[in-house]
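This is what each chain is made of:
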There are 4 protein chains.
Amino acid sequence: MLIVMKPGAAEQDVAAVVKVIEQLGYRPHIMPGATRTAIGITGNQSAVDPARFENMAGVAEAIRVSKPYKLITLDLRPDKTVVKVGDATIGGDELAIIGGPCAIESREQAFAVAETVSRSGARFFRGGAFKPRSSPYEFPGLGEEGLKIMAEVREQFGLKIVTEALDVVGVELVEQYGDIIQIGARNMQNFSLLRRAGKSKLPVLLKRGMAATLDEWLLAAEYVMSEGNYQVILCERGVRTFALHTRNTLDLAAVPAVRRISHLPVVIDASHAAGKNYMVAPLARAGVAAGADGILVEVHNDPKTALCDAAQALTLDEYDEMLRELRAIREVIAH
Amino acid sequence: MLIVMKPGAAEQDVAAVVKVIEQLGYRPHIMPGATRTAIGITGNQSAVDPARFENMAGVAEAIRVSKPYKLITLDLRPDKTVVKVGDATIGGDELAIIGGPCAIESREQAFAVAETVSRSGARFFRGGAFKPRSSPYEFPGLGEEGLKIMAEVREQFGLKIVTEALDVVGVELVEQYGDIIQIGARNMQNFSLLRRAGKSKLPVLLKRGMAATLDEWLLAAEYVMSEGNYQVILCERGVRTFALHTRNTLDLAAVPAVRRISHLPVVIDASHAAGKNYMVAPLARAGVAAGADGILVEVHNDPKTALCDAAQALTLDEYDEMLRELRAIREVIAH
Amino acid sequence: MLIVMKPGAAEQDVAAVVKVIEQLGYRPHIMPGATRTAIGITGNQSAVDPARFENMAGVAEAIRVSKPYKLITLDLRPDKTVVKVGDATIGGDELAIIGGPCAIESREQAFAVAETVSRSGARFFRGGAFKPRSSPYEFPGLGEEGLKIMAEVREQFGLKIVTEALDVVGVELVEQYGDIIQIGARNMQNFSLLRRAGKSKLPVLLKRGMAATLDEWLLAAEYVMSEGNYQVILCERGVRTFALHTRNTLDLAAVPAVRRISHLPVVIDASHAAGKNYMVAPLARAGVAAGADGILVEVHNDPKTALCDAAQALTLDEYDEMLRELRAIREVIAH
Amino acid sequence: MLIVMKPGAAEQDVAAVVKVIEQLGYRPHIMPGATRTAIGITGNQSAVDPARFENMAGVAEAIRVSKPYKLITLDLRPDKTVVKVGDATIGGDELAIIGGPCAIESREQAFAVAETVSRSGARFFRGGAFKPRSSPYEFPGLGEEGLKIMAEVREQFGLKIVTEALDVVGVELVEQYGDIIQIGARNMQNFSLLRRAGKSKLPVLLKRGMAATLDEWLLAAEYVMSEGNYQVILCERGVRTFALHTRNTLDLAAVPAVRRISHLPVVIDASHAAGKNYMVAPLARAGVAAGADGILVEVHNDPKTALCDAAQALTLDEYDEMLRELRAIREVIAH
């Protein structure tokens, strides 16, 4: 923490700040400048609350210096985390492809899509059984029935199941039927849910909130990890901005930014960012080119009849073509 | 829904769209224009999914016309909702003041603040027992112990207790000790929590999410109401923008905007929007001047030692002075 | 400037940073901490470029401490600026009302509106002669003809004329016919225009850019002042956010925030923020309640036929009623 | 335009709207629905002003259907525009690389960078002679002297010169010394400048404004084209959001979105979006993968001493390595 005094701050103002620092058990470092004095603080184990100083006489600003997270950092763990689900990995050498429909609608639909996903060489199948819908009057997913269908998909095709839990009960169900617990953007700061997922043995795919800063997203991961579950995958899916030509604005700078700070793998949800079918492949390619460890993508055997987010689902053919491009781009940046 | 065709769309493209509309059981209205044809859809009970049309040949755009909410609308209920808690009201003639500390820290602190709040003529006491904190390493509130202290405050001062529930278990505890269930900005789209609150007998104070559009916020209220609980109070607390001089950007246009659509009362959380002590009174005054039904404000007997959001809490004196201004402004706009 | 080193930074990394600081002629202040070292810089006259340090070995961050503006600050001039135009003022005791149509459309329209504005006791008349329009196919204003009509309005009613200049030629024309040069949101960082306005003898009303931070806005004022023109009025008119229920999101926290840093007066453009007639009065009231020195408002004798921004103009009656409220609120906060 | 009536709108309200439509010379299309009536408008040559209808009795909403631009559209010109500068192109088969320093600082610096840029096979050299700086106290560029140095670079290396004009005088100077007129983000809606550039014989590289919607950006291009200059290159350089880990949030969805509507080429400014050296290559790769026609990138022979935006400039080696990747990715998506 750095306390910056106002230009005209009196000596006793500086002394008062120093005293508070010492009372808190920290060490003050006075730096007198030409126009104003600054006071550095060291010796604190956890974050110092700026509010202790901001309203004191003569204080202009209190600036945080150290970051509030630990477990997610490269300082703590210099090697990148590779999340393992059986023989499949996210964060390792292979580009992880997580394909499937927005919502599981029926056994037929799930199997039709899963066959393409499996044939493409992807290792992960995504599908929603519990869907967070803005309106209470929209299709909420098939619930446990949907999870059972996905468990069959796993049985049949050997795909690993990635599916969203909306609450504590949902986590238990995913633990029963799935392989990776997805936490959605709307729940990124649902701390009860994060803590419960942190007690699970399954990896957690944590989507970035619609208006989450990088720090808030990493701290949400820290919540999961602080409960003992270190298998966290970060998922950038676009943030909300004034721009109206996409559903969300995909923030690909988050990929190198996370990489600089954290050992956790990062994947891109190209479909939710785009919101429109024709943008999905360009954004997925961009994500891989930016260095993402994997791509989530919505595929549907018959997008026109999809019960959820139909506009953004790829057809099976579009999906196949896109995958070829993604792997070739991955090849380029791996060398 | 309005389907806008591309300038060069073929007649059979138009015919195909018309056919889908009819298959869905709706009624198409073809409007040929100078350069392009548009097709209106009527006869639908619920929202038509634009995705059914957007990828069809010749279609340029599918535009939603009707709104997805019902219960919150003035169409359904032309008279404003007045939420009643015993003899206190929100949404009626009186300006509702909901004052108290960010977090309940001790019996002493709660009682010191409550005395001022009570003496000022406010009818509602706010205080956090379960605090949503961005970091797992910050003070999470006293939990049930905090709720018990607030129940004592109610006993002693006759103030109504407004306090946040973070999850289903939290709702049960608030039902036991409090008077109004607060749902925080981070949980505005925690649909399991909304549904549970919708089954409660207590009123629900629903904060707007950090990046929630007006429609999403109103739909979150619709979730609560669709479970049978019509006692919903909307709370604007600022949205996230690029601006760095406030914690959040208070969107006061939301007050007249909600008023135009909905019968639900709207209150302003001046403290969370401001994030800084010196901005609270100006923003609270602005909220009342914009027509809000009430103000949430953080007060602390000793802000410098507060364990949570110290920078934004008013002292007891500042609070008193502000209240005088708020009531005078309320007087001006009531006439 | 504060240079924060990484946890594992070597001693020679610290030494290298110190050396660069000394080479630049500044004074380094080394503060070793438990986990990382920070180095304060003092002795610099102007801002230090963080980039000199950010890419050096062992450096985690370079944090700016001092602000880049001087002339706009209370440090430089503790008394509030009162802009004087003849016997009218902005920033003094009186609430400044700047009313008029979006665009001057004809002598008849201008005079009809001016009569109401004048009768209401307002001292300033606003009207666009050169309109910045997003599309080249929209009404661009009457040009010099519009300015001549406004000069007649001044003659007839004694109102002071506030009108926008889009370029250097425009500034010359406003100097010829008007009283205050308005610089629009789109031109807030048109530095050639700012410099030219800084050489004018007329006061400058500087609107905040659609995505301008507080610092950028204040620096734009600094541009004008650095050329010698100290008569600057800041105008908050809403910023662009994801919210769709208003044209712009009015950021009223900017009023107390500017007040804390600067001696310049601040006014609110309620009409451009709202974009809708029914929101104008609530937002104008909120602006005055937040402490603004004045209000810009669009009034039209016949809004339905207005050639520009018709949806947001008040009728003459609505305007009169609003003014009564604004003055009463001003009264409340002045005491 | 589509006028949506309120549920309870009276027949005479509908009749009144129909009458206004007919008075304006357009054709109304009444569509009665189960709960509300909508009225389509056709026959209009230019955009209908929604404000004519929004305040009429019984009207709920007026929704724009057709877009306000013409010249930029694929409707007008189905083939993609290829901008030619001598034998170099932007928008054709070749990936356009526009490299160079942020600001021209000296002949030595410019030549050192130009040599690398030239050797890399790039055809365009960028460099600022007139720099838009937020503060009046920062380095504003060398002015005409800088342009002369760039003219020498062109002479020596055969590179085409891309450089910014801040005002009308600047356009004349770029016409004298340069090859492509850059219009910066801050000037995207400086309509006097756009009109002047529209009268130039040089191509115009038009950066997207910090908070510009896709439509506003395309309309700014329409301004240039409406004056007769059809050689316009769009440049996405990131938009302003709440995210703090980058200088701007690069909106790569703009690439496919522009592609769907317009024949104009789109390039990406990876350096200004990133703001940090280590993000430039990932974002540039992402831009090419998303389908951009070219990349602007800041390179400096000695970034640590750069007078402008030092933190984001690549070293000559980093630049070379990045180019290899960009070309390989371009190869992937071209097939």
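Quick summary incoming for the structure in this document. All values derive from a computational prediction rather than experimental measurement.

Thresholds applied
- Residues numbered from 1 in each chain as written.
- Chains lettered and ligands numbered in written order.
- Predicted model: local features only at pLDDT ≥ 70, side-chain atom pairs only at ≥ 80, totals over all residues.
- Heavy atoms only, no water.
- Contact = heavy atoms within 4.5 Å.
- Buried area = accessible area lost by both parts, 1.4 Å probe.
- Salt bridge = Lys/Arg side-chain N within 4 Å of Asp/Glu carboxyl O.
- Polar contact = N/O pair within 3.5 Å; in protein donor to acceptor, adjacent residues only side chain to side chain.
- Helix = DSSP H or I, 4+ residues; strand = E, 2+ residues; numbered from the N terminus.
- Nonpolar A, V, L, I, M, F, W, Y, C, P; charged D, E, K, R; others polar.
- Pairing = 2+ DSSP bridges.
- Axes fitted to C-alpha atoms, helices over the stretch in contact; angles between N-to-C directions.
- Buried < 20%, exposed > 50% of the residue type's maximum accessible area, 1.4 Å probe, protein only.
- Parallel < 35°, antiparallel > 145°, perpendicular 65-115°, else oblique.
- Left-handed = near helix turned anticlockwise from the far one by under 90°.
- Least-squares fit on C-alpha atoms with pLDDT ≥ 70 in both.

## Notes on the interface of chain A and chain D
Moving on, step 1. On the side of chain D, 37 residues touch chain A, which itself brings 37 residues to the contact.
Moving on, step 2. Roughly 2,800 Å² of surface becomes buried between chain A and chain D when both sides are summed, with 75% attributable to carbon and sulfur atoms.
Moving on, step 3. Area buried by chain A at its contact with chain D is led by Phe-242, His-245 and Tyr-278 of chain A, which between them contribute 22% of it.
Moving on, step 4. Our enumeration of links across chain A and chain D arrives at zero salt bridges.
Moving on, step 5. Here chain A and chain D share four residue pairs in polar contact (both at pLDDT 80 or more) between them.
Moving on, step 6. Of all the elements in the fold, those that place two or more residues in the side of chain A that touches chain D are α8 (254–261), α10 (277–290) and α11 (316–334) of chain A.
Moving on, step 7. When residues in the side of chain A that touches chain D are grouped by element, the largest group, eight residues, is from α10 of chain A.
Moving on, step 8. The residue makeup of the side of chain A that touches chain D, split by class, is 24 nonpolar, seven polar and six charged.

## Structural notes on the sheet that holds strand β9 (residues 160–164) of chain C
Residue and element names in this part refer to chain C.
Moving on, step 1. Pairing is parallel in the closed barrel, where eight strands are placed in the order β7-β8-β9-β10-β11-β12-β13-β14. Ignoring which end each strand starts from, the neighbouring axes of this sheet average 25° apart.
Moving on, step 2. Two strands pair when backbone bridges link them, and strand β8 (residues 124–126) and β9 are joined in this way by three bridges, in the parallel orientation. What sits directly across from Phe-125, in β9, is Ile-161.
Moving on, step 3. Helix α4 (residues 144–157) rests against β8 and β9 of the sheet, and its axis sits at about 160° to β9.

## Let's talk about the environment of Leu-194 of chain C
All names here are of chain C.
Moving on, step 1. Checked against the element boundaries, Leu-194 lands in helix α6 (residues 191–198).
Moving on, step 2. Once the C-alpha coordinates of Leu-194 and Ala-221 are considered, the two residues, 27 residues apart in sequence, prove to be 8.1 Å apart.
Moving on, step 3. Apart from residues lying up to four places away in sequence, Leu-194 is in contact with Ile-183, Met-188, Leu-206, Ala-220, Tyr-223 and Val-224.

## Quick word on the pattern of salt bridges
Where charged atoms from two side chains of opposite charge approach closely, those side chains can pair.
Moving on, step 1. Under the counting rule described, the total for this entry stands at 68 salt bridges over all chains.
Moving on, step 2. We note a salt bridge from Glu-216 of chain B to Arg-240 of chain A, for which the minimum N-O separation is 2.6 Å. With Glu-216 of chain B in helix α7 (residues 214–226) and Arg-240 of chain A in the loop between β12 (232–236) and α8, this pair bridges two chains. Taken as a pair, Glu-216 of chain B and Arg-240 of chain A share a single burial class, namely buried.

## Remarks on the interface of chain B and chain A
Moving on, step 1. Residue-level contacts link 41 residues of chain B with 41 residues of chain A.
Moving on, step 2. For the pairing of chain B and chain A, the buried interface totals around 3,400 Å² over both sides, and the portion due to carbon and sulfur atoms is 50%.
Moving on, step 3. Of all residues in chain B, the largest losses of buried area upon contact with chain A belong to Pro-136, Tyr-137 and Lys-304 of chain B, amounting jointly to 16% of the total for that side.
Moving on, step 4. For the pair chain B and chain A, the number of links is two salt bridges.
Moving on, step 5. In this structure, the connection of chain B to chain A is made through 14 residue pairs in polar contact (both at pLDDT 80 or more).
Moving on, step 6. Across the side of chain B that touches chain A, the residue classes tally to 18 nonpolar, 11 polar and 12 charged.

## Quick look at the packing of α6 of chain C against helix α7 (residues 214–226) of chain C
Residue and element names in this part refer to chain C.
Moving on, step 1. Contact geometry for α6 and α7: axes closest at 7 Å, N-to-C directions at 45°. Between α6 and α7, the angle is such that the two are oblique. Considering the relative orientation of α6 and α7, their crossing is right-handed. Of α7, the residues touching α6 (which contributes Phe-191, Leu-194, Arg-195, Ala-197 and Gly-198) are Ala-220, Tyr-223, Val-224 and Ser-226.
Moving on, step 2. A breakdown of the residues in the contact of α6 with α7 according to their chemical character gives six nonpolar, two polar and one charged.

## Quick look at the side chain of Asp-179 of chain D
Residues and elements named next belong to chain D.
Moving on, step 1. Inspection of the secondary structure assignment puts Asp-179 in the loop between α5 (168–177) and β10 (180–183).
Moving on, step 2. Here the side chain of Asp-179 touches Arg-154 through a polar contact of 2.8 Å, side chain to side chain.
Moving on, step 3. From its side chain, Asp-179 meets the backbone nitrogen of Ile-161 in a polar contact 2.6 Å long.
Moving on, step 4. Not counting chain neighbours up to four residues away, the residues in contact with Asp-179 comprise Val-85, Arg-154, Leu-159, Lys-160, Ile-161, Leu-202 and Pro-203.

## Considering the relation of the copies chain A and chain D
Moving on, step 1. Screw-axis analysis of chain A against chain D gives a translation of 0.0 Å along the axis, an RMSD of 0.1 Å, and a rotation angle of 180°. Expressed as a symmetry operation, the mapping of one chain copy onto the other fits a two-fold axis. Relative to the rotation axis, the C-alpha of Ala-286 of chain A is the closest in chain A, positioned 2.0 Å from it.
Moving on, step 2. A symmetric contact is evident, with 100% of the interface residues of chain A recurring at the interface of chain D.

## Overview of the relation of the copies chain B and chain A
Moving on, step 1. Once chain B is rotated about the relating axis by 180° and shifted along it by 0.0 Å, it coincides with chain A to within an RMSD of 0.1 Å.
Moving on, step 2. The overlap is high: 100% of the interface residues of chain B also sit at the interface in chain A, so the same surface is used on both sides.

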